[in-house]
Amino acid sequence: MNRFAELLDRLAYEPGRNAKLRLIADYLRRTPDPERGWALAALTGALTFKHAKAGMIRGLIAERTDPALFSLSYDYVGDLSETVALMWPLDPNQKSGSAPTLTEVVQTLSTLGKAQLPAKIARWLDGLDETGRWALLKLVTGGLRIGVSARLAKTAVASLGNQPPDEIEILWPGLQAPYLDLFAWLEGRAERPSTRDPAPFRPPMLAHAAEKSDLARLDAADYLAEWKWDGIRVQAVAGRDQHGELVARLYSRTGEEISKSFPDLLALLRLPCAIDGELLIMREARVQSFNVLQQRLNRKSVTSKLLAEFPAHLRAYDLLAEEDEDLRDRPFATRRERLQALITRLSDPRIDISPLISFKNWSDLTAARADPASAGAGVDADAVEGIMVKRRDAPYVPGRPRGPWWKWKRDPMIIDAVLMYAQRGHGKRSSYYSDYTFGVWSKRDSGEELVPVGKAYFGFTDEELVQIDRFVRRNTVDRFGPVREVVHEPKSGLVLEVAFEGLQRSTRHKSGIAMRFPRINRLRWDKPPAEADRLETLESLLTQREHATMPTVGGGNV
Amino acid sequence: MRPEDILVPTPSGVCCKPGGFHIDPTRPVEKALITHGHSDHARAGHGAVLATQETLDIMRLRYGDNFAGSIQAVRYGEIVKLGGATASFHPAGHVLGSAQIRVECNGLRVVASGDYKNVADPTCTQFELVPCDVFITEATFGLPVFRHHDAAGEIGKLLRSVELFLERAHLVGAYSLGKAQRVIAMLRAAGHDQPIYIHGAMETITRYYQSRTIDLGRVELVRGANKAELCGRIVICPPSAISDLWSRRFPDPVVAFASGWMRVRARARQRGVTLPLVISDHADWDGLTATITATGASEVWVTHGQEDALLHWCRAKSLKARPLDIVGYGDEEDAAAQAEAEA
Ligand SMILES: [Zn+2]
Ligand SMILES: [Zn+2]
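Summary of the structure given here. Fair warning: this is a prediction, and the values are worked out from it, not measured in the lab.

**Considerations on the interface of chain B and chain A**
Contact residues are listed per partner, giving 46 residues for chain B and 41 residues for chain A. Here chain B packs against chain A, burying approximately 3700 Å² in sum over the two surfaces, 53% of which is carbon and sulfur. The largest per-residue losses of area from chain B upon contact with chain A belong to Arg147, Arg248 and Arg265 of chain B, which jointly make up 20% of the total buried on that side. Scanning the region where chain B abuts chain A turns up 7 salt bridges. A salt bridge links Asp9 of chain A to Lys157 of chain B; its shortest N-O distance comes to 3.5 Å. Counting across the interface, chain B meets chain A through 16 residue pairs in polar contact (both at pLDDT 80 or more). Its residues assigned to classes, the side of chain B that touches chain A comprises 21 nonpolar, 9 polar and 16 charged.

**A few points about the environment of Arg22 of chain A**
Note on placement: Arg22 of chain A falls in helix 2 (residues 17–30). For Arg22 of chain A, a relative accessible area of 31% translates into the label partly exposed. The sequence separation of Arg22 of chain A and Ala156 of chain A amounts to 134 residues, and the corresponding C-alpha distance is 7.2 Å. If we ignore the near neighbours within four places in the chain, the residues touching Arg22 of chain A are Leu164, Phe165, Leu166 and Glu167 of chain B.

**Here's the deal with the pairing of strand 11 (residues 405–409) of chain A**
Residue and element names in this part refer to chain A. As judged from the 2 bridges shared by strand 1 (residues 208–209) and strand 11, these two strands associate in the parallel manner. Residue pairing for strand 11: Ala209 is matched across the bridge by Lys407. Sheet topology places strand 10 (residues 384–391) next to strand 11; 5 bridges connect them, and they run antiparallel. Residue pairing for strand 11: Lys390 is matched across the bridge by Trp405.

**Brief notes about the pairing of strand 1 (residues 7–10) of chain B**
On a regular strand, each side chain points to the face opposite its neighbour's, so the side chains alternate between the two faces of the sheet. Residues and elements named next belong to chain B. Judged by which residues are buried, strand 1 turns out to be one-sided: Leu7 and Pro9 face inward and are buried, whereas Val8 and Thr10, on the alternate face, are not. In this sheet, strand 2 (residues 13–16) lies alongside strand 1 in antiparallel orientation, the contact comprising 4 bridges. Looking across to strand 2, one finds that Val8 is bridged to Cys15. Taken together, strand 1 and the strand that follows it, strand 2, pair antiparallel across an intervening segment of 2 residues.

Analysis parameters
- Residues numbered from 1 in each chain as written.
- Chains lettered and ligands numbered in written order.
- Predicted model: local features only at pLDDT ≥ 70, side-chain atom pairs only at ≥ 80, totals over all residues.
- Heavy atoms only, no water.
- Contact = heavy atoms within 4.5 Å.
- Buried area = accessible area lost by both parts, 1.4 Å probe.
- Salt bridge = Lys/Arg side-chain N within 4 Å of Asp/Glu carboxyl O.
- Polar contact = N/O pair within 3.5 Å; in protein donor to acceptor, adjacent residues only side chain to side chain.
- Nonpolar A, V, L, I, M, F, W, Y, C, P; charged D, E, K, R; others polar.
- Helix = DSSP H or I, 4+ residues; strand = E, 2+ residues; numbered from the N terminus.
- Buried < 20%, exposed > 50% of the residue type's maximum accessible area, 1.4 Å probe, protein only.
- Pairing = 2+ DSSP bridges.

Below, the structure is given as structure tokens:
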């Protein structure tokens, strides 16, 4: 457990993806079975046991420490698990080597009764060091957040056997912690674990971002085009198990199963198939904006009220398998015909096919991209993020092959904002001020004032980063830890051209507005801050969108 | 006689009236007894300075030859008669030459410990327990959450990272006096035999440690090294250099920081550290409380740090305890940064 704790500790501080991969792979390589398997389960979120309550942990520490010292410490540290981990009194009678293994912890937690739990946890804490106690408490209270996605952990384990991560995704639904068969295969000691999963995930095909010049080189007649919808990409799969029962699953683009959150979509999968499509919220036959989908995603419990208020819809664009037939090597045009036929047979209002955009040449498509509403998207135009261009004869190839699929996004929205605060980055960027908070003008009681509207930490070139960093260092007016406030007056300051994909209302921001994917588009050294945009501009953009997508929804104070 | 008749706490340090001297005064005085060379304790401009030879040397390196009107080197254990009092210096285990100062007057014994730690450090003499009636303690890490645990284990963590990220430089922030040399010595003790690189600001003091026969192995300057040479190396620098333009010569460093503060995650994160190393030259909570108990003192004065918890602990143990509120002691790093700003 102490070694697993050391891994978690390092992962918690390490910002770099590659470094995280190496740390996890190194741990998995050096740690024996079944310990590493349970660690992999913890990292992929595959552990299921009832979590201990914070109150129980408080009780344990209260029995062992002076309340005044605890309260001074908790005040200083600010996190219960961490405070308890650090303050836990050492037991002088404890022999070294009595630290529990992760295996022991996981197995005990899944069987132990509630009454025995406090004493057990106390015994474990006695045997661990500071980091070990921290990790144990985070684990048992369910508060393990270490910035590692299941996908990253799977990528790391794949590297043990030089396998592509998608191979692990394919096997994953059929595997069980502590994954002895998986490790044995990756280390060349056994055959590949067989996957008998009736509804497996298939690694998705991804598109390259296109500029107009990329498309100009292609023959328009070889391609089909559809709208790129602003929802979430999903794979809806159904298949029969050995008893002939239909098993249906919904996966995210990265292969994580999200079935539990969308029972309404699962219900429509009444035939064996594997559909690639976009998950949207549909109200009165109109696609809702991403903001609305976001609200459903934010809710933890799936209630019938939620299902009624935010009805999920699958807009299908590809068919990867039907019954026992793998369709992935068929041409796209053929797969689409099969998809159309399947949808007709399903005959369910919750699923439809993503319509084609008719075009003869690239300038037709350019016009459609500029005005989706008139080019067939109609009332759904505001949920259009761009255009997908796909080769008619292309097979479905996992990964991001260059050529068959292109995504051609609509132009982002752009505003001019003023740099207000800058924060030092991490890792490679730790000597640079690379995270920027920017604001726009607004009239307040105290007069004209800049209100922060977003944060961005990419979009600029390395050279621009150096320039902004220099500006920050020379124009600092105040410091708070790693953050510097920089000059932002009407006549002096730095104007940033910020591009973003959308807006939504937010109670967490002083401005009441949050941006989607903001990034620094350009530095406007030429522009005085007084000429930057105003909050009203953002407000009106937001109202336009809301009215366009939800004219008839009752109680639409979203 | 009351303890306050021997040592009077003033905002600029403790003053011994019968002996006619101050201990670690923060303003110039006629006669100063200095516990150790950190700049918040050892300042220039006093009339006479009594300290260990190493502390005097360190002050000279830092402030130049004329840092005091006169100087007197005192050996550990040597008893010096000053007016109506006697004083002696005893190892504090904090940094090279660091001392606790024991003052005795009419049979009453007061020990001013300066900064101290009661754990092994290959670069300085081991802490000595000095029985006394009044113990003046620091409280830098005076909260029960500060448990420094096992410094050798932290060095192991650093070496495992160096092994895993072979192509990256490991930049280790460490205070220039004491911590930097201790980290190097501990790396050597753990078997690391590659050259270790240091920032120019710690060159003089590191060379001084080496001249006092402390074996630090091959220590090179970053300044003279080319980029390729620094790949996969351990580089020690003052904490402030990590966020400095200076650190840009390392293409993709692993940023470490060796300090007791690294025990608390929020502190480590605030610094943008990826590899926090809990290595401290101050006693941790267990060290402070164990030392206070072992001195047999019935009264405890707390100079600087997190006093509240330690005062509470003393009172719960029926010890008389008071804070001294001396202005100007603090974190070595804050003091160093301030000195830089003033210079
Ligand atoms: Zn010190
Ligand atoms: Zn100090």
